[in-house]
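Take a look at the letters that make up each chain.
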Amino acid sequence: MSHLKIFAVIMLSMLLSACPKTQVPDPEPTDVTYGGDSGANTSGTDAGGFGGGEEIPWDGAEELGTIIYFDFDSSEVRAQDQDIVAAHAIALNDSSFKKVRLEGHADERGSREYNIGLGERRAQAVRQLLMIQGVNASQIQTVSFGEERPEAMGSSESDYARNRRVEIKYTN
Amino acid sequence: MLKFLKRSIFMLLVLCAGANAELVIDVQGVARPAPVSIVPFGWEGSSPKIPLDIAAVINSDLKRSGRFAPIPESDMLQKPTDGADVDFDDWTILGVEAVVVGKLTQTGDNAYTLQFQLFDTFGRKQLVGYRMPASRGTMRAAAHRAADMIYEKLTGIKGVFGTQVAYVTAEQRGTERLYSLIVSDQDGENDHKIMESKDPIMSPAWSPDSRQLAYVSFEGSKSSIFVQTLRSGNRFQVSNKPGINGAPSFSPDGRKLVVTLGGVDGNLDIYVIDIRSRESTRLTTHRAIDTEGSWSPDGRYIYFTSDRAGGPQVYRISANGGTPERVTFEGSYNARPRLSPDGTRLAMVHNDRGSFRIAVMNIETKALLILSEGQQDESPSFAPNSDILIYATRLRGDGVLETVSADGLIRQKMASGQGDVREPVWSPFPRF
């Protein structure tokens, strides 16, 4: 168990240094690992990448991040984020046992149930991209939390930018 | 699996007796309120003190309506508890237009009689007098009922002081948020938490007999629709399909729910679910977002939000299906339609030059009236008398509740005691 912890720490530091700078603030470290409440028991973290800081087989996706941000009133995955989705497609194609939950979110403006629709539209946009790249529909589940689970609690434009997102969470 | 179990265990279904009132109400009256007087009620019973200050409950109801200005007790020249003792000159000299007197009498161990009389001081006559039974548990409701009768006599509008509101709160607890579904009296008192969860709770909706609430819960990180009976706390799942299960609203006969289902492909459409059989009928098929359905009071139409024309606008469709018809045309964003119980007005969230505000549209003239002044106002819900609406607005980042008269003249804030308060829905009239 402690091996896993050490591994997670190494992963985290690698990830932080490798994280590309975008116009949105860096997400919290806990948001970009497979940890949290969904993928803690992912079986992919085997000994392959442990020791010496070598390449990690399929976890390239993780280095890129698990959060896709969207423009205002848009459900289009931006050009710079296409690679993130592609990396997840590779990871999912690698093992049909892996499953993801795409969690769509919206900023707080407007009506709550309509925002559920906007969040779902974003989750579906990522789902379509994954499926185009060969991922089986049965590996993907979508859920929209609308404006109910903001990443940033404020009401500024930059808060809104952080809240319009899809989080890719591995559930198996 | 263990995670799921933990989560399930955490999900508490509680029916806790009214602890502290969560809402503190702050009046922002606008119109010129009429001076009235509610004289402290008399008390005949075994305890030295009256178990509930009846006059204070009525006083606060009338004051909060924004239409009345009850005078303070210290200004009263007499404090009769029986109509026969009212001296009209003692009131007209103060400019008081109406006076209420009454008393509470204990008739058994947990049995009381509440009586009151309302007088027109300048007309020198009784407008209404009534006597009703009460217990310790129903005493507050009886006082609200008296206030309703007084309000209706003086304004010609049916009072809603005996009604309830349901709303959702979100509180930060360490790294987690705790969501609660609360039911309280319309004045914020007597609040009960009927459900709480670490996952979001959304879109509460009253059954027409006000005995049940439908709502959306995200427990297990997926949405499903429940109907919960308030008295028992028992609930059952009405819809748990793949994808979105959202936006429930009861049919006027209470047998069906209009809901939004998204399916695996995430195409949100309006469906009607028979609550008993769970059978669902699809009403819309457009690939746009169709959501937030709600029945017209006559049961003929379902009003809903759709962005099939680009931005969200309100449409309506026959409850039996057919071709939807666009209802709103003013502005780029109109969502979450709710018809007034008398069917004359449509409330919605409207983008007013960049701010999301509550607006009502006159169904006949199509004239739009903006009722609120916030930036993020949402979830309008009519009181059963069609004269007042409740909605959520923001105060220093947190959601709070406000009410506004349907003509926009009287607005009042209900400051939240705890957390982020949202999605208020007003109950139908209680059935005695």
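Sequence order as written defines residue numbering, which begins from 1 separately in each chain. Chains carry letters from A onward and ligands carry numbers from 1 onward, assigned in written order. Note on the predicted model: pLDDT of at least 70 is required for a residue's local features to be given, and 80 or more for side-chain atom pairs to be given and counted; whole-chain, interface and lining totals, by contrast, use all residues.

Structural notes on the overall build of chain B
Here is step 1 of the chain: When its secondary structure is counted, chain B shows four helices and 31 strands.
Here is step 2 of the chain: To get the radius of gyration, use the C-alpha atoms; to get the globule rule, take the number of residues to the power 0.38 and multiply by 2.2 Å. Taken over the C-alpha trace, chain B has a radius of gyration of 23 Å; the compact-globule value for 432 residues is 22 Å, and the two agree within 12%.
Here is step 3 of the chain: In this scheme the burial state of a residue depends on its C-beta neighbours within 10 Å: 20 or more other such atoms mean buried, 12 or fewer mean exposed, and anything in between means partly exposed; the C-beta positions come from the backbone. Among the 432 residues that make up chain B, the fraction classed as buried is 48%. Note on conventions: DSSP H or I runs of at least 4 residues are helices, E runs of at least 2 residues are strands, and numbering of each starts at the N terminus.

Topic: the interface of chain B and chain A
Here is step 1 of the chain: Contact with chain B, which involves 31 residues of that partner, is made by 22 residues of chain A.
Here is step 2 of the chain: Counting only elements with at least two residues in the side of chain B that touches chain A, the list comes to β11 (201–206), β15 (245–250), β19 (290–295) and β23 (334–339) of chain B.
Here is step 3 of the chain: Amino acids are sorted into nonpolar (Ala, Val, Leu, Ile, Met, Phe, Trp, Tyr, Cys and Pro), charged (Asp, Glu, Lys and Arg) and polar (every other residue, Gly among them). A class-by-class count of the residues in the side of chain B that touches chain A yields twelve nonpolar, twelve polar and seven charged. Any residue pair is listed as a contact if its two C-beta atoms, each placed from the backbone, are within 7 Å.

Focus on the confidence of the model for chain B
Here is step 1 of the chain: Of all residues in chain B, 92% have pLDDT values of 70 or greater, and the mean over the chain is 91.
Here is step 2 of the chain: As a per-residue measure, pLDDT reflects the predictor's confidence and takes values from 0 up to 100. Note that pLDDT drops below 50 for residues 1–26 of chain B; the model gives that stretch 50 contacts with residues more than four away or on any other chain.

Focus on the sheet that holds strand β12 (residues 212–217) of chain B
Residues and elements named next belong to chain B.
Here is step 1 of the chain: Any two strands between which DSSP finds at least two bridges are classified as paired. Here we have four strands laid out as an open sheet, ordered β11-β12-β13-β14, and antiparallel in their pairing. Edge positions in the sheet fall to β11 and β14 (235–239), since each has one partner strand and no second. Strand-to-strand twist across the sheet, computed as the mean angle between neighbouring axes with direction ignored, equals 25°.
Here is step 2 of the chain: Here β11 runs beside β12; their pairing, made up of four bridges, is antiparallel. Across the sheet, I201 pairs through a bridge with S217, a residue of β12. In this analysis an axis means a line fitted to C-alpha atoms, helices contributing only their contacting stretch, and an angle means the value between N-to-C directions, from 0 to 180 degrees.

Some thoughts on the nonpolar core
Here is step 1 of the chain: Take the buried Ala, Val, Leu, Ile, Met, Phe, Trp, Tyr and Cys residues, join any whose C-beta atoms are within 7 Å, and the set you get is a nonpolar core. Counting residues in hydrophobic clusters, the biggest one holds 113 residues, and the most contacted among them are I58(B), I150(B), I302(B) and L389(B).
Here is step 2 of the chain: Among the elements that line this core, the one with the most residues is helix α4 (residues 139–155) of chain B, at nine residues.
Here is step 3 of the chain: Counting only domains with at least three residues in this core, you end up with domain 1 (2–20 + 163–426) and domain 2 (32–155) of chain B.
Here is step 4 of the chain: Residue contacts for I58(B): discarding those within four places in its chain leaves I38(B), V100(B), A143(B), A146(B), A147(B) and I150(B).
Here is step 5 of the chain: Ranked by size, the runner-up nonpolar core spans 21 residues in total, among them V85(A), L92(A), V166(A) and I168(A). Domain borders in the structure are assigned automatically or taken from a domain database.

As for helix α2 (residues 54–64) of chain B
Residues and elements named next belong to chain B.
Here is step 1 of the chain: Taking burial as the measure, the eleven residues of α2 include nine buried ones, the bulk of the element.
Here is step 2 of the chain: Three or more residues of α2 are buried, namely I54, A55, V57, I58, N59, S60, D61, L62 and R64.
Here is step 3 of the chain: At the exit of α2 stands G66, carrying a positive phi of roughly 80°.

Let's talk about the environment of E378(B)
Here is step 1 of the chain: Mapped onto the elements of the fold, E378(B) is located in strand β27 (residues 378–382).
Here is step 2 of the chain: The exposure class of E378(B) is buried, given the 28 C-beta atoms found within 10 Å.
Here is step 3 of the chain: Along the backbone, E378(B) and D209(B) are 169 residues apart, and their C-alpha atoms lie at a distance of 25 Å.
Here is step 4 of the chain: In this view, E378(B) contacts S111(A), R112(A), V349(B), F356(B), Y391(B) and A392(B); residues no more than four positions away in its chain are not counted.

Quick notes on the packing of helix α4 (residues 82–94) of chain A against helix α5 (residues 112–132) of chain A
Residue and element names in this part refer to chain A.
Here is step 1 of the chain: One can describe the packing of α4 onto α5 by two numbers: an axis separation of 9 Å at closest approach and a directional angle of 55°. Considered as vectors, α4 and α5 are oriented oblique to each other. In terms of crossing hand, the pair formed by α4 and α5 is right-handed. Residue-level inspection shows V85, H88, A89 and L92 of α4 in contact with α5, the latter providing V126, L129 and L130. Here roughly perpendicular refers to angles of 65 to 115 degrees, roughly parallel to angles under 35, roughly antiparallel to angles over 145, and oblique to all remaining angles. In this scheme the handedness of a crossing depends on how the near helix is turned from the far one: anticlockwise by less than a right angle means left-handed, clockwise means right-handed.

Considerations on the sheet that holds strand β8 (residues 164–173) of chain B
Residues and elements named next belong to chain B.
Here is step 1 of the chain: If you walk across this open sheet you meet the four strands as β10-β9-β8-β31, and the pairing is antiparallel. Edge strands, defined here as strands with exactly one partner in the open sheet, are β10 (192–197) and β31 (420–426). Here the average twist between neighbouring strands, direction ignored, is 20°.
Here is step 2 of the chain: Pairing analysis gives five bridges linking strand β9 (residues 176–185) to β10, with the strands arranged antiparallel. When the bridges of β10 are listed, V183 appears paired with H192.

Points about the domain arrangement of chain B
All names here are of chain B.
Here is step 1 of the chain: We note that the domain assignment places domain 1 (2–20 + 163–426) and domain 2 (32–155) within chain B.
Here is step 2 of the chain: Distance from the C-alpha centre of domain 1 to the C-alpha centre of domain 2: 36 Å.
Here is step 3 of the chain: Taken together, the contacts link five residues of domain 1 with six residues of domain 2.
Here is step 4 of the chain: Residues belonging to the side of domain 1 that touches domain 2 are distributed by class as follows: one nonpolar, two polar and two charged.

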